[in-house]
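Here's the letter readout for the chains.
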Number of protein chains: 2
Amino acid sequence: MSKVKKVAENTNFTAVNIGSLNKLTEHTLAGPSGVVMEGKVFLKDITHSTGTEISYNVLPPQTAIPYFHTHKKNEETYLILSGSGLFQVDDKCFDITEGSVIRIAPNGKRGMTNTSNEPMIYIAIQSKENSLEEYSMGDGKMAADVKPMW
Amino acid sequence: MSKVKKVAENTNFTAVNIGSLNKLTEHTLAGPSGVVMEGKVFLKDITHSTGTEISYNVLPPQTAIPYFHTHKKNEETYLILSGSGLFQVDDKCFDITEGSVIRIAPNGKRGMTNTSNEPMIYIAIQSKENSLEEYSMGDGKMAADVKPMW
């Protein structure tokens, strides 16, 4: 069940709120074969994004994701917000904790485990490999004509 | 000065750690015209990502970003992790707090303010508009041959 609230939108944007991050386990979604997955919120469909599939996720204490996976076309970046444990890509295994950032090419075989006693909250970002052209401030333009409404 | 630690890599991935999120202000980078910007970490170059430019950012209490901006080719998604305030796109202004997610098309004129007394920590994700093809589990493949090293 989705507990995501629509906040505002126009043709240029969509804003939602998924609630407190320590209540992520209240979000569930139907996985393959009718399995219900807890603690996962995918953002593409609800925000109408066109360049990324971003998800919020929580991995319970002392728990591993039960499978390794690769991707066909998409690079993935994982941002670890809480908890600590181990991340493995292919035959390399390393520590992760708050502040860890892992960028993985489609072919990397990835898996992770939360070895701590707190929930591991993390964000996973899918984007098509090699799709970004300009970036950072190189892609930005000032909009000096806007009057702040605050 | 970058305080980002390289953790591990092979040809399929790069892992780094940016440190505690409550110490984001210790990260600085040189902006246009030699201005030093505090509390910003751009991840593309250090993780060798090719589909996104992801940044961690902190906006101090009772502070607004001093300019509105648009993008040329990139969609942006903002994920608010702490603090609360207001976000404006064009002529729409709305509340933001922990759990807020705002996806903005390149043309949206965007700005934000932290009206709370705590730092506003947020993640901004740039990707090329309309670049994503398959996504979510549709782009994933199981990798059943991997033996976890934990």
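Below is a summary of the structure that appears in this document. Predicted model, so just to flag it, every value in this text is computed and none were measured.

### Regarding the interface of chain B and chain A
(1) Moving on: With 93 residues of chain B in contact, the opposing surface of chain A contributes 94 residues.
(2) Moving on: The interface formed by chain B and chain A holds eight salt bridges in total.
(3) Moving on: Viewed at the interface, chain A and chain B are joined by 61 residue pairs in polar contact (both at pLDDT 80 or more).
(4) Moving on: Along the lines of polarity and charge, the residues of the side of chain B that touches chain A split into 38 nonpolar, 33 polar and 22 charged.
(5) Moving on: Across five bridges, strand S2 (residues 13-17) of chain A lies against strand S12 (residues 100-104) of chain B in antiparallel orientation. What sits directly across from Ala15 of chain A, in S12 of chain B, is Ile102 of chain B.

### Re unusual backbone geometry
(1) Moving on: Phi at Asp90 of chain A takes a positive value of approximately 55°, unusual for a residue other than glycine.
(2) Moving on: Within the secondary structure, Asp90 of chain A is located in the loop between strand S10 (85-89) and strand S11 (92-96).

### Some details on the sheet that holds strand S2 (residues 13-17) of chain B
(1) Moving on: Ordered by their spatial adjacency, seven strands build an open sheet running S5(A)-S6(A)-S14(A)-S9(A)-S12(A)-S2(B)-S1(B), and the pairing between neighbours is antiparallel. The outermost strands of the open sheet, each flanked by one partner alone, are strand S5 (40-42) of chain A together with strand S1 (5-10) of chain B. The average undirected angle you get between the axes of adjacent strands in this sheet is 15°.

Parameters and conventions
Residues numbered from 1 in each chain as written. Chains lettered and ligands numbered in written order. Predicted model: local features only at pLDDT ≥ 70, side-chain atom pairs only at ≥ 80, totals over all residues. Heavy atoms only, no water. Contact = heavy atoms within 4.5 Å. Salt bridge = Lys/Arg side-chain N within 4 Å of Asp/Glu carboxyl O. Polar contact = N/O pair within 3.5 Å; in protein donor to acceptor, adjacent residues only side chain to side chain. Nonpolar A, V, L, I, M, F, W, Y, C, P; charged D, E, K, R; others polar. Pairing = 2+ DSSP bridges. Helix = DSSP H or I, 4+ residues; strand = E, 2+ residues; numbered from the N terminus. Axes fitted to C-alpha atoms, helices over the stretch in contact; angles between N-to-C directions.

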